[in-house]
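Coordinates in review
Listed below are the residues making up each chain.
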Amino acid sequence: MAEFAAGPLDLFCVGLSYHTSPIEVRDAVVLNDEEVGRAMEALRLRGGAAETMILSTCNRTEIYARGARIPDPAGFIAALLREIKGVDLQLQAGKHLYTLREEESIQHLFRVACGLDSMVLGEPQILGQVKDASELSTRLGGAGPVTERLLDTVLRCAKRARTETGIGRGPVSSAYAGVSLAAKVLGNLGEKRALLVGAGEMSALAWTHLKDAGVTQFMVANRSRERGEAFGEKYCSRAVSLEALPVVLPGADLVVSATRAPDAVITESMVRAAMKIRRNRPLFCLDLAVPRDIDPQVGKLENVFLHDLDALGQIVSQSLAQRRAEIPRVEVIITEELGRFLKWHRSLAVKPTVTAFRHHFEQIAAEELERHRGRFRPEDVAVAESLAHGIVQKLLHRPTTRLRNAEADGLEGAARLETVRDLFGIESEGENAGDAGGHSGQGGSDADRNTR
């Protein structure tokens, strides 16, 4: 007995991520929209791919292709990245690039979208990045019936994971944990003013989280005036010198300090003087530096709330532990949605058999009517055709329903399909129709419409 399947998904994923490549390699192969378009065109014209989607972020670049005629996908992609980005991975393709095929590549995409494969477990940005990649694929002509259905399912799965589990709950970075604490202490941050001390990566991350929390007024104090002004221009912040801290500190409600200074840049006396000017209004301070930027004695002042990396690290550890505990629940959702997609894909093989089966009987009825047409009065021909059509429909209703359900009935469904093909001699018709349904845009769209 032939194995029941819709035929291969004919899909592969070739990529690299933080698991396999250092940041300098990942940065070097990030593809912008124009470069994504070039890669998709090469996959279509040179690789014969029918459908493509490319996900390129700071932590991963992954190329998905369906229907490609490429014996060595990793070698092809390595050469393509060298052509587009000037990065030679040819000799190290096996080291940096991984290749996933068929169902394994789909399951990987589900895990990526749900945040299970992220550097920070459950981080929310990846869902938006997958959605953007999907929309870009559609806009550039890379999408097709299978990948469109796949990405719809993937996005639904990721949204379910975030709403039905706690995979995205709780702060998992020190900066985000600090901003979450600030909101609890100060309430609505929309009218609060933030002072960032230092113009490095940590300050930029804090700015992003504060901005997301509603803060609109920012100052940045930095030892290098040029770097401070560049940061201020990029992040919409008023730039001041580090020496101006005693002057600007009283006007801040939140202070985030992340410099590389060897000694404290914010002293207890500086903050005490600022609190007098503030008339003791609450001041929230985050010390994200090692060694610490803010004198620990500051935390003993009334209405001053100071948190350093050790305190924030405890919060982050608790959140990560809670997120890790949610992984099994997310995996259940992935299994459900993956099964739903594979069931749809298997239905693409059932439809051609159903179509050929019905066509077989309808053609017999039509031939018999034509053969006996001379026996009917002209006015009775339409009645005879309607009668024949009705009989065929009633005869075929139950077997057609059983055939359409065959893809969900495992081996029993396989035997049913094979028996029908054998009994009615529709093997070749089913195979031809299957090719059309599985690989052409029109066939895939029809199957999609019939299964929605």
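Above: the structure in question.
Below or above, wherever it landed, is the structure these notes cover. (Residues numbered from 1 in each chain as written. Predicted model: local features only at pLDDT ≥ 70, side-chain atom pairs only at ≥ 80, totals over all residues. Heavy atoms only, no water.)

Under the counting rule described, the total for this entry stands at 24 salt bridges. Between Arg292 and Asp308 there is a salt bridge, with its nearest N and O atoms 3.5 Å apart. Pair noted here: Arg292 is in the loop between β9 (283-287) and β10 (304-308) and Asp308 is in strand β10, with a separation of 16 residues, a long-range link. With relative accessibility at 44%, the residue Arg292 sits in the partly exposed group. Put simply, Arg373 and Glu370 hold a salt bridge, and the shortest N to O gap is 3.1 Å. (Salt bridge = Lys/Arg side-chain N within 4 Å of Asp/Glu carboxyl O. Helix = DSSP H or I, 4+ residues; strand = E, 2+ residues; numbered from the N terminus. Buried < 20%, exposed > 50% of the residue type's maximum accessible area, 1.4 Å probe, protein only.)

Compared with an ideal rise of 1.5 Å per residue, which puts 13 residues at 18 Å, helix α8 (residues 174-186) spans 18 Å between its outermost C-alpha atoms and is within 8% of the ideal. The first or second residue beyond α8 is Gly187, which carries a positive phi of 80°. (Expected span 1.5 Å × (residues − 1).)

The computed volume of the largest pocket comes to approximately 1,200 Å³. Along the walls of the largest pocket sit 33 residues, with Val120, Glu123, Gln125, Leu205 and His209 positioned nearest its centre. Secondary-structure elements contributing two or more residues to the lining of the largest pocket are α1 (23-28), α6 (125-139) and α9 (201-212). No other element matches α9, which puts seven residues into the lining of the largest pocket. Residues that form the lining of the largest pocket fall into these classes: 14 nonpolar, 10 polar and nine charged. (1 Å grid on protein atoms, 1.4 Å probe; cavity = no way out; pocket = protein on both sides within 12 Å on 5 of 7 lines; lining within 4 Å. Points joined across faces, edges and corners; volume = space filled by probe spheres on them. Nonpolar A, V, L, I, M, F, W, Y, C, P; charged D, E, K, R; others polar.)

Moving on to the packing of helix α5 (residues 102-113) against helix α7 (residues 145-164). Their axes nearest at 9 Å, the elements α5 and α7 cross at an angle of 40°. Classified by the angle their axes make, α5 and α7 are oblique. Regarding α5 and α7, the two cross each other, and that crossing is right-handed. On the side of α5, the interface is formed by Ile106, Leu109, Phe110 and Ala113, while α7 contributes Leu150, Leu151, Thr153, Val154, Cys157 and Ala158. Of the residues contributing to the contact of α5 with α7, the split by class is nine nonpolar, one polar and no charged. (Axes fitted to C-alpha atoms, helices over the stretch in contact; angles between N-to-C directions. Parallel < 35°, antiparallel > 145°, perpendicular 65-115°, else oblique. Left-handed = near helix turned anticlockwise from the far one by under 90°. Contact = heavy atoms within 4.5 Å.)

Right, let's talk about the sheet that holds β10 for a bit. Sheet architecture is open: six strands sit in the order β7-β6-β5-β8-β9-β10, paired in parallel fashion. A strand with exactly one partner marks an edge of an open sheet, and here the two such strands are β7 (238-241) and β10. Between one strand and the next, the sheet's axes are offset by a mean angle of 20°, whatever the strand orientation. In this fold α8 packs onto β8 (254-257), β9 and β10, with an angle of close to 165° to the strand it touches most, β9. The strands touched by α9 are β5 (193-197), β6 (217-222) and β8; relative to β5, the strand with the most contacts, the crossing angle is about 170°. (Pairing = 2+ DSSP bridges.)

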